Each structure stands twice: as C-alpha cells, then as structure tokens.
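Fold and geometry: a report
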Amino acid sequence: MRLDAMYQEIILDHYRNPHNKGLRDPHEGEAHHINPTCGDEVTLRVHLEPSGASLDGGATVADVSYESMGCSISQASASVMTDLLIGRTVDEGMKMLDSFNELMHSKGQGEPDEDVLEDAVAFAGVSKYPARIKCALLAWMAWKDATVQSLEKQSADEEPRQAGAGPEGVS
Amino acid sequence: MTATEPGRLDAEAVRADFPILARTVRDGRPLVYLDSGATSQKPRRVLDAEREFYERHNAAVHRGAHQLAEEATDAYEAARATIASFIGAVPGEVVFTKNATEAVNLVAYAMGNAATADEPYRRFAVGPGDEVVVTEMEHHANLVPWQELCRRTGATLRWFGLTEDGRLDLSDLDGLINERTKLVALAHQSNVLGTVNPVREIAERAHRFGALVLLDGAQSVPHMPVDVADLGADFLVFSGHKMLGPNGIGVLWGRAELLAAMPPFITGGSMIGVVHMEGSTWADPPQRFEAGVPMAPQAVGLAAACDYLSDLGMENVAAHEHLLTEYAIKLLGGIDGVRIVGPADTVDRGGAVSFTVEGIHPHDVGQVLDDQGVEVRVGHHCAWPLHRRYQVQATTRASFYVYNTVADVEALAAAVREAQRFFGTAPAL
C-alpha cells in the first residue's frame, strides 16, 4: 500500500517510457549533475528562445533534453519535468521548480497545487522518504543550472568579447 | 547469549540483548536489520557501560587529581587494555580516534607532516619518486586520504586491480610493490564484495622493500578473530560502532617503534611534553595522538563490546556469519535476474553480500525491501571505483552480524522477489 502511494502509476509509466530523453541541439546551456550518495547522473541541455531582443526570464524554454542513469524516481522526474517545462517561459519554469522543491521538502505533509505542478504532483509521496528527495530533484536542479548558463551566455555574448572569457561548461 | 556448540551462536538469545531489534518499522513490520556493515546495533551491556560511566565516574581523563578524575582515567586506560587484548596487542600500541576514517588520516597526515618535522621524525616523509599502493576495492576512507597525501607531497598513487570474481588481482604483485613503495594500504575485508584479502603475502612483499602496511579492519575486526601478531601489518584501523560499540570512537593500532617515530596529526592539549611560547615537544604514544579531552565513555562502551564479543567467541561469530553468507548466496543466487557482485563461494569471504537485480535500480530495490521491514544499504557504499570496475552504478548490500538469523536471510530473498513482482521484472514461470 505504502509503495503504491509512492510509486504512482504515472511515475512508473514515465520510468518505463521516458519523454524527451536523448541529448539534442541546439542548446545554449548544459549541466551534469551527480547524486554522490548513489552515483545517479543526469546530463541535461536547455535551448531558450528569446521573447524580444535579449534572453531573460520571459524567454521560452524551447527544448529540454537529457541523458541519465538512475532509479525510477529520478528518471520519471526528469521525464515529467521536460513535459512541464517545454513551451513555458523561464520565469514560469523557475516558479514550478520552487513549488516542486517545496513539495519535496514537505515531509509528506504538503498539499501540492495541481494547477502549478500538474503531473509532478504524483511525486508528493516521495517527500515522505528523505533519502529519495534528491532523486526527484536531480533533473530539476540540472535544469536550473543549465538555464542560468544559457542566460549568462546570452549576456556574455552581448558584451564586448574578450579572449578566453567565455563561460565554462558550455559546449 | 551462549555459544551452544562450536561454530554456532544462539542468535535468538543474542537478539534478546539488543533492545532495538524488538521494534517494528514502516507500519508494524518486524525489523530485519541487514545493514551492520554500515553500523551495528548495540547490546544492553554496551549501553549500560556507557551510562554507568556517566552516572558514576564522569570526569575529564588525564587531567585533575580529584577522585572522579582518577576513576575516569582508570576506566579509560582499562578500556584501552581490553581493546588491545581483543586484537592481541599491548595497550601502548592502541590509539583512540574518532573512527577508522580518522585513524587512516592520522597516519596519512603524520606521513605528510614528517617532511617538515624535526630530524628524528623524517623517516616517514614521502615525496616525488615514492609510491603509495592501494587497491581498487578500497572504501573511500582508505583511498581518498592517500590520494590527498600523494597530491600534497608529489608521491605517486598506484593500485591493485580486481579480478572478475571479486578478488585482488595479484598478478602484478612484484611490479606494484617495489623499492619505491613506502606504504601499502588495503582492506582486510571488502565492505562491498566481502572478500578477505591475503594480507600476509602482500605484507611480506612490502616488508622486503621496507614499505609499511596499513590494514583497514573496519569490516574484519568486528567479524572474525584478528590478532595483530599474525597479520603481518604495521598499522590496523577499525571503528567501534561497527562492532557493537558506541559511535565516536575508532582505533589505530600501530607497532610501538613506528608510533614512537611518528609526528602528530592533531595537536593541542594532552599530546604535549613541554609547551613554551616559542614551541612545544610531544608526549609519547599513544597520548601524542590523542589531543583534547578524549572519548572516555565511548572507550568504556567499546571495551564492553569487546567483552561481549569475546564471550560469544570470535570463532563462533565468524562461523555464524559464514553460515548466513552461504545461505544468502544460495537463496539470492537462485533468483533469476540477481547478480552477486563479489565471490560466489565462501572461501576467504565475509558477510557482505552485494547484488544487482536486473531491471530495477538499487534505490528502488531498497525501497521495496524497506517496505517489507528489510533494512539494507543501497548505493556505491563509499566504494565508487569498485562499482565502476564491475560496471555497475550501484548495488544493494545485505550485511550480517551476530543477531541475524536464517529467517532474516529468507526475508531478504522474499523481499527481493517482491521487488521483482512490484516492478514487473519477475521472469515468467
């Protein structure tokens, strides 16, 4: 019973048939995150499309793609996340991230807002197991890093270029 | 708590000594504790010893001349003697540390500090051209300190590889240990594979070139008879909490002449000879390595744990775990899709059984086991390079101790089958 509460059908579905898996171009930011307790990893790319002249919070998350190895929770979380984020603005995505982060740290007491988190509410049961929170958050944190990178790269591109001053970790 | 016949423990009687084993977990499931490789549970005798120290004799040891200080110091030094005797050593060769990790660091930092110490302490210095040898099966605690020592000093780190069946690959023993080798650091028993390493053979080769041998006994001292005189090693480290003792205490055993020639790691009160504003001299071992007010209540608790184990008989402890390990390998090995990472036989092998379940990540295996009350470790068990070597990201590990029973092993196997059922990976019958 408890297991069913944690491993919702939607989680197992995404685990078995992940969406948006496989690295794609174009992308501006790429982040590689590892869970040091179990060795789970995700490499995640973000492609943003500017809403106006420059990239900012109003930019659209045009694509999120990833390669990953890990448990059902980390894999399903990455898959659900890409479905949620693609097509949103960066600001909307960051709000979802905050909301999801809050849910994960709610120790099973959180009342997830389905309007904001949609399918990601299925992970509410994970918050009862402190050891698994990192699994659910792994891809989200990689998305945050890759997105910040994308925005920084854009602003660096706008400034006068200096030799060797490009941001690191962006391929 | 009796050994009814040689090689047999009355595990049910042992269990009665461990209050925690009577509790339930996850909505009323009986606790099946199979994570003693991470930390062991504590019998009442250990808890009582620690409590009695606090209630009757508590004072800062090796300080003050009042009655409590005398009693506390006596209890602390008596504990040292008991623990020394448990491993066949003399008390002066036993240094208390926080845990085995700190004990490894003590030696690594002493070697690092030797380069800038006064002349008599220089013999431990390492530098460019020198080599430190470890193995690919080491716990991070016996790997990272040596990586760091080499990085700081310019010495070179080398390592033994592993064979497919989970043993040390000794085929290049002669190449790896040579006239450049200063220290060989290795696990007595692997915390993942359960493999017991041929320490004597390696130590003999190392000593031929004047190299020192440090043995990580965190997984051996709690589980088998260990006598430092037979081992051939120069240093042995282990942790109290993995052998029924309290947290916060570990042991470094070292040959007396080596400890006497080693500079300190952590400095401060109690470890000094004379202190002037311009500089200080150091106390003799073991005090030289025990700066600050030491963990006397934990030492007393660990001594009680040694007594408890001695009463059971370490031969019996080893035989009991051997039986459980054999049974676990048989039951788990008989499940389709389960792969045991480590020796498939029980020769020179202790009671850590790590495995993968095809199609189910260890975190998910652990979750289903936990739901059944079966508490195991999942992940890389602080041995990441070992997992990389066997091309697995992580494993599930069951580890046994004196309070585990045949029924625990059966509960483990049943829970693994339940994980396969839950995730739909059970092979069709």
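The numbering scheme is per chain: residues are counted from 1 as the chain's sequence reads. Chains and ligands are labelled sequentially in the order written, the chains with letters from A and the ligands with numbers from 1. Per-residue local features of the predicted model are confined to residues with pLDDT of at least 70, and side-chain atom pairs are confined, for both listing and counting, to 80 or more; whole-chain, interface and lining totals are unaffected and use all residues.

Our next topic: the nonpolar core. In this description, a nonpolar core means buried residues of the types Ala, Val, Leu, Ile, Met, Phe, Trp, Tyr and Cys, linked to one another by C-beta atoms lying within 7 Å. Residues are called buried when their C-beta atom has 20 or more other C-beta atoms within 10 Å, exposed when it has 12 or fewer, and partly exposed otherwise; all C-beta atoms are positioned from the backbone. If you look at the biggest cluster of nonpolar residues, it comprises 131 residues, and the most contacted ones within it are B:Val132, B:Val184, B:Phe235, B:Leu236, B:Val237, B:Val251 and B:Ala299. Taken domain by domain, the makeup of this core includes at least three residues from each of domain 1 (11-30 + 313-422) and domain 2 (48-310) of chain B. Contacts are defined on C-beta atoms placed from the backbone: any two residues whose C-beta positions lie within 7 Å are in contact. Setting aside residues no more than four positions away along its own chain, B:Val132 makes contact with B:Val126, B:Trp146, B:Leu149, B:Cys150, B:Ala155, B:Leu157, B:Lys182, B:Leu183 and B:Ala185. Grouped together as the second largest cluster of nonpolar side chains are 44 residues, A:Val42, A:Ala59, A:Leu85 and A:Ala136 included. Domain start and stop positions are those given by an automatic or database domain assignment.

Residue and element names in this part refer to chain B. Sheet architecture is open: 4 strands sit in the order 13-14-17-16, paired in antiparallel fashion. Two strands bound the open sheet, and with one partner strand each, they are strand 13 (338-341) and strand 16 (377-379). Each strand axis lies, on average, 30° off the axis of its neighbour in the sheet, ignoring direction. Pairing between two strands requires that DSSP report at least two bridges joining them. Numbering of helices and strands starts at the N terminus; helices are DSSP runs of H or I of at least 4 residues and strands are runs of E of at least 2. Axes here refer to lines fitted to C-alpha atoms; in helices the fit is confined to the stretch in contact. Angles between the N-to-C directions go from 0 to 180 degrees.

Between chain B and chain A, the contact holds 15 residues from the first and 11 residues from the second. Broken down by element, the residue count for the side of chain B that touches chain A peaks at 4 residues, all from helix 12 (residues 362-371) of chain B. Classifying every residue of the side of chain B that touches chain A gives 5 nonpolar, 6 polar and 4 charged. Residue polarity follows a fixed list, in which Ala, Val, Leu, Ile, Met, Phe, Trp, Tyr, Cys and Pro are nonpolar, Asp, Glu, Lys and Arg are charged, and the others, Gly among them, are polar.

The next point concerns the domain arrangement of chain B. Residues and elements named next belong to chain B. Looking at the assigned domains, one finds that chain B contains domain 1 (11-30 + 313-422) and domain 2 (48-310). Placing a centre on the C-alpha atoms of domain 1 and another on those of domain 2 gives a separation of 29 Å. Counting residues at the interface gives 25 residues for domain 1 and 23 residues for domain 2. Those elements giving two or more residues to the side of domain 1 that touches domain 2 turn out to be helix 11 (314-333), strand 14 (352-357), helix 13 (384-389) and strand 17 (395-399). Top contributing element to the side of domain 1 that touches domain 2 by residue count: helix 11, with 6 residues.

All names here are of chain B. Orientation of helix 3 (residues 67-86) relative to helix 10 (residues 296-312), taken along the N-to-C sense of each, is 35°, at an axis distance of 8 Å. Relative to helix 10, the crossing made by helix 3 is left-handed. Touching Ala72, Ala75, Tyr76, Ala79, Arg80, Thr82, Ile83 and Phe86 of helix 3 are Ala296, Ala299, Val300, Leu302, Ala303, Cys306, Asp307 and Ser310, all from helix 10. Looking at the contact of helix 3 with helix 10, its residues break down into 12 nonpolar, 2 polar and 2 charged. Each crossing is labelled by how the near helix is turned from the far one, with a counterclockwise turn of less than a right angle marking it left-handed and a clockwise turn marking it right-handed.

With that out of the way, let us pick up the sheet that holds strand 10 (residues 250-254) of chain B. All names here are of chain B. One open sheet holds the 7 strands; their spatial order is 4-10-9-8-7-5-6, and the pairing between them is mixed. The sheet terminates laterally at strand 4 (94-97) and strand 6 (156-160), the two strands that pair on one side only. Each strand axis lies, on average, 20° off the axis of its neighbour in the sheet, ignoring direction. By the bridge criterion, 3 bridges tie strand 5 (residues 131-135) to strand 7 (residues 181-187) in an arrangement that is parallel. Paired with Val132 across the two strands is Leu183, which belongs to strand 7. Packed on one face of the sheet, helix 4 (residues 100-114) meets strand 4, strand 8 (212-216), strand 9 (235-239) and strand 10 and runs near 35° to strand 10.

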